[in-house]
Amino acid sequence: MIRKIIYINCGIVVLLAVWFFIYPPVRAFLNIDDPALRQPGIPKVAWRLYRKLTPRYAAWANQRVAQGQAGTLSTQNISGTEWPLFGSVFYLWSLENLQSAWEAGDHRGGAEPRVFAKNAIIAASELVIDPGHASWVKKHWGQGFLHRENVFYRMLVIAALTSRAKLLHDNAHLDLLRDQVESLSGELDASPSGLLEDYPGECYPGDVMTAVACIQRADAVLGTDHSKFVARALRAFIGDKTTRLELPPYMAHAVSGKPVSEARGCANSYICLAAPELWPAQARQWFQLYDRFFWQQRITAVGYREYPRGLPKTDWTMDVDAGPVIAGHGVSASAFGMGAARRNGQFDRAYPLACEMLATVWELPNDVLGIPRLLSNLSEAPLLGEAGILWLLTIQPEKGFTVKVGGTVPTYVYVVLISALLFGIFLVLEACVRFKAARQEPEPAVWAPRLQIGVWACLLGGGVGLTWIGFWWAGFILLLLMLVLPFRKKAPPIEEFAIASPSTGGKGQP
């Protein structure tokens, strides 16, 4: 039986090597060789991700609302409270983009997106407006949370219901949508600075700008016209409301509109995604400034910095908005920067960023994006990363913007993918050598064989079971622990004896 365990372990090593270290880099090389990353269009990887993510998103969103766990979370749990809603809006925005592509003749996704994804569209939009998922903003703003500042949450409500109305035309929650559009636009227009707070004492201009864009988009389904409001809203982001780099700040004072922080990459990318549809000329200027002051090439990679150059102790940090900052490169800044570059028609920037993204997401054979899944909140918003990447990959240039192609694959991509591929091949070869050796050697002696066999079987069953139900990371850990077994007994020392043949009269002969 111990010999069979060794055989099975070798087979598991081969499967894990293929699953985690051979398939992902091969898949990534195929993904980055897609013309739709270098020019307008929907990449093949986006259509594939959409087909796999859609049923998962519908099931997760329905289950989360039914369980009611959102209402128990603390206001300090930012990822647990914000990310489920943000991810749902990302998913809905991606569906709008895919539906537009399908209507333009791109049917590679199969059935019409709004038909295939109907259940997921309903589930995602219902999650955003679910009272339980508003618990954290109720704690901040009280019962008047829908009509008093609270920009971030109200923006998400408008975004989700607008997407649902555009996609399904089911007239669901139009009264709520209209109320939020009119009340939020009126409150922003009446603000001295044009800004409002997300949370008490916290004003993020990027969220305000996105709210303005969402209000404008809602006009298409409500039959309203907020063009004058949109034109006036620019006042909140220009002149003395900008930083020393002439870019909107990450944070500002809501009453005066003055910056209280530097411009940051995560906010700049966010702003450059929303601005083109609002104020095209100003958007072009902002993107040029962002590119000039934040683009960098470092440690074989290219990307957008999270903080401007020269700020001390900012090259290696992490927070809930920026994500990891690695040698100055902001993970969120560069990921959303890829989408911003596509929106602004700058594919010479979007293409290398997309290559780095696709080399890093680690697409597994079951179409799960491993790294985004791990960086998301596994208990509260496990699909945020994949929904965000789907949206970013489906973004198209704003009408009227010049498309610039170009860009090359960064060295980082080759280093990561080739290293992983070689490691995977090494694991396969090493397993083959162990398998051959196990066949040729006698049955190994091990400590407590029955106990080890039982533990090994439990780890194998648990690892396979957890992987099957979607907790692949936990299943992977159990399988790794399983591979440590069996523990062998130490071989007895080999004693050497000098023996001489009696017939030869050698030195050993007495």
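The following refers to the structure shown. Just so you know, these numbers come straight off a predicted model, no measurement behind them. (Residues numbered from 1 in each chain as written. Predicted model: local features only at pLDDT ≥ 70, side-chain atom pairs only at ≥ 80, totals over all residues. Heavy atoms only, no water.)

## Notes on the overall build of the chain
Our working rule: Secondary structure elements are defined from DSSP: runs of H or I of at least 4 residues count as helices, runs of E of at least 2 residues count as strands, and each element is numbered from the N terminus. To sort residues, take the accessible area from a 1.4 Å probe on protein chains only and compare it with the maximum for the residue type: under 20% means buried, over 50% means exposed, and anything in between is partly exposed. Here, residues are in contact when the closest pair of their heavy atoms is within 4.5 Å. Surface exposure here means Shrake-Rupley accessible area, sampled with a 1.4 Å probe, where a residue is shielded only by the protein chains that are shown.
Helix and strand counts for the chain stand at 20 helices and 5 strands. Counting only C-alpha atoms and orienting by the principal axes, one finds that the chain spans roughly 115 × 45 × 45 Å. Of all 510 residues assigned to the chain, the portion counted as buried reaches 54%. Long-range contacts, defined as pairs at least 24 residues apart, comprise 72% of the intrachain contacts of the chain with a sequence gap of at least 6. Element-wise, carbon and sulfur atoms account for 62% of the exposed surface of the chain, whose accessible area totals about 22,700 Å².

## Focus: the pairing of strand β3 (residues 316-319)
One face of the sheet, then the other: side chains in a regular strand alternate in exactly this way. Counted only if it meets this: The rule for pairing is simple: two strands pair if DSSP sees at least two bridges between them.
Looking at chain direction, β3 and strand β4 (residues 323-326) are connected through 4 bridges and run antiparallel. Bridge pairing in β4 places Trp-316 opposite Ile-326. The turn joining β3 and β4, which pair antiparallel and follow one another in sequence, is formed by 3 residues.

## A look at helix α18 (residues 411-440)
Stated formally: By this rule the span expected of a helix is its residue count minus one, scaled by 1.5 Å.
Spanning 30 residues, α18 covers 44 Å between terminal C-alpha atoms, matching the ideal 44 Å at 1.5 Å per step. All buried positions along α18 are accounted for by Val-413, Leu-417, Ala-420, Gly-424, Leu-427, Val-428, Ala-431 and Ala-438. On the buried face of α18, the contacting elements are α1 (2-32) and α15 (347-360).

## Regarding unusual backbone geometry
In this structure, Pro-486 follows Leu-485 across a cis peptide bond, with omega equal to 0°. Mapped onto the elements, Pro-486 comes out in the segment after α20 (472-484). Phi angles above zero are rare outside glycine, and His-169 is one such case at about 50°. Within the secondary structure layout, His-169 lies in the loop between α8 (151-168) and α9 (174-190). Positive phi, close to 55°, is recorded for Ala-327, a residue that is not glycine. In this structure, Ala-327 sits in the loop between β4 and β5 (329-330). What makes Ala-327 buried here is its relative accessible area of 1%.

## Remarks on the environment of Phe-336
For Phe-336, the location among the structural elements is in helix α14 (residues 331-343). Taking the C-alpha atoms as reference points, Phe-336 and Arg-27, separated by 309 residues in sequence, lie 22 Å from one another. When neighbours within four sequence positions are excluded, Phe-336 is seen to be in contact with Phe-90, Ser-269, Leu-273, Trp-391 and Leu-392.

## Side note on the environment of Gly-257
When you line up the elements, Gly-257 lands in the loop between α11 (227-233) and α12 (265-278). For the pair Gly-257 and Pro-410, spaced 153 residues apart in the sequence, the C-alpha separation amounts to 39 Å. Residues within four places of Gly-257 in sequence aside, it is in contact with Ser-193, Leu-195, Lys-241 and Ala-252.

## A short note on a nonpolar patch on the surface
To be explicit about the condition: Like-charged residues are merged into a patch within 9 Å and nonpolar side chains (Val, Leu, Ile, Met, Phe, Trp, Tyr) within 5 Å, provided each residue has over 30% relative accessible area and no salt bridge. The salt bridge criterion pairs a side-chain nitrogen of Lys or Arg with a carboxyl oxygen of Asp or Glu, the two atoms within 4 Å.
Together, Tyr-414, Ile-418, Leu-422, Ile-425 and Leu-429 make up an exposed nonpolar region whose accessible area comes to about 470 Å². Exposure remark for Leu-429: the relative accessible area of 52% places this residue in the exposed category.

## So, the sheet that holds β4
Through backbone hydrogen bonds, the strands of a sheet pair up, either in parallel or in antiparallel fashion. Spatially, 3 strands are ordered β3-β4-β5 in an open sheet, and the strand pairing comes out antiparallel. Of all the strands in the sheet, the pair left with one neighbour each is β3 and β5. In this structure, β4 lies alongside β5, joined through 2 bridges in antiparallel fashion. Within the sheet, the bridge partner assigned to Ile-326 lies in β5 and is His-329.

## Details of the nonpolar core
What counts here: The set of buried Ala, Val, Leu, Ile, Met, Phe, Trp, Tyr and Cys residues whose side-chain atoms join them within 4.5 Å is what this entry labels a nonpolar core.
Counting residues in hydrophobic clusters, the biggest one holds 150 residues, and the most contacted among them are Tyr-57, Tyr-91, Met-209, Trp-279 and Trp-286. The element best represented in this core is α8, accounting for 12 residues. If we skip the residues at most four places from it in the chain, Tyr-91 touches Leu-53, Thr-54, Tyr-57, Ala-117, Ala-120, Ile-121, Ala-124, Ala-387 and Leu-390.

## Quick look at the packing of helix α3 (residues 44-67) against helix α4 (residues 78-103)
Each packed pair of helices is defined by two parameters, the angle between the axes and the distance between the axes. As a reminder, the rule being used: Orientation is described by lines fitted to C-alpha atoms, with helices fitted over the stretch in contact, and by angles between N-to-C directions that extend from 0 to 180 degrees. Throughout, the term roughly parallel applies to angles under 35 degrees, roughly antiparallel to angles over 145, roughly perpendicular to angles from 65 to 115, and oblique to all others. Here a crossing is called left-handed whenever its near helix is offset anticlockwise from the far helix by less than a right angle, and right-handed whenever the offset is clockwise. Each residue gets one label: Ala, Val, Leu, Ile, Met, Phe, Trp, Tyr, Cys and Pro are nonpolar, Asp, Glu, Lys and Arg are charged, and the others, such as Gly, are polar.
For the pair α3 and α4, interaxial distance at closest approach is 11 Å and the crossing angle is 140°. The pairing of α3 with α4 is recorded here as oblique in orientation. Every pair of crossing elements has a handedness; the one defined by α3 and α4 is left-handed. Here α3 contributes Trp-47, Tyr-50, Leu-53, Thr-54, Tyr-57, Trp-60 and Arg-64 to the contact with α4, which in turn contributes Gly-80, Pro-84, Gly-87, Ser-88, Tyr-91, Leu-95, Leu-98 and Ala-101. Its residues assigned to classes, the contact of α3 with α4 comprises 10 nonpolar, 4 polar and 1 charged.

## Considering the side chain of Arg-343
Positionally, Arg-343 belongs in helix α14. When its relative accessible area of 10% is taken as the criterion, Arg-343 is described as buried. Excluding residues within four positions of it along the chain, Arg-343 makes contact with Cys-272, Leu-273, Pro-276, Glu-277, Ile-395, Gln-396, Pro-397, Glu-398 and Phe-401.

## Some thoughts on the pairing of strand β1 (residues 295-298)
Relative to strand β2 (residues 301-304), β1 runs antiparallel, the two being bridged by 4 bridges. Among the inter-strand pairings, Trp-295 is bridged to a residue of β2, identified as Tyr-304. Between β1 and the antiparallel strand that follows it, β2, lie 2 residues; Ile-299 among them carries a positive phi value of about 45°.

## Side note on the side chain of Thr-54
Position of Thr-54 relative to the elements: it lies in helix α3. With near-sequence residues (within four places) excluded, Thr-54 lies in contact with Tyr-91, Phe-116, Ala-117 and Ala-120.

## As for the state of the cysteines
Quick note on the threshold: Here, a disulfide means two cysteine sulfur atoms that sit within 2.5 Å of each other.
The final tally for this structure, using the stated rule, is 0 disulfides. Cys-203 provides the cysteine sulfur closest to Cys-214, a residue in no disulfide bond, and the two sulfurs are 16 Å apart.

## Here we look at α8
For α8, spanning 18 residues, the distance from its first C-alpha to its last is 26 Å, which sits close to the expected 26 Å at 1.5 Å a residue. The element α8 is extensively covered by neighbouring structure, given that 17 of its 18 residues are classed as buried. Among the residues trailing α8, His-169 stands out with phi positive, at a value near 50°.

## Structural notes on the packing of aromatic side chains
Each aromatic ring pair is summarised here by two numbers: the centre-to-centre distance and the angle between the ring planes. Selection rule: Two aromatic rings from Phe, Tyr or Trp, using only the six-membered ring of Trp, form a pair when their centres are within 6.5 Å; if the ring planes differ by under 30 degrees the pair is stacked, by over 60 it is edge-to-face, and anything between is tilted. Cation placement over rings: the criterion is NZ of Lys or CZ of Arg within 6 Å of the ring centroid and within 35° of the ring normal.
Following the criterion strictly, the structure yields 24 aromatic pairs and no others. Measuring from centroid to centroid gives 6.4 Å for Phe-29 and Tyr-414, while their planes differ by 35°, and the two rings are tilted. One end of the pair, Phe-29, is in helix α1; the other, Tyr-414, is in helix α18, and 385 residues separate them in sequence. Phe-29 gets classed as partly exposed once you look at its relative accessible area, which sits at 28%. The ring centre of Tyr-250 lies 4.1 Å from the NZ or CZ of Arg-264, which sits over that ring. The ring centre of Phe-401 lies 4.1 Å from the NZ or CZ of Arg-284, which sits over that ring.

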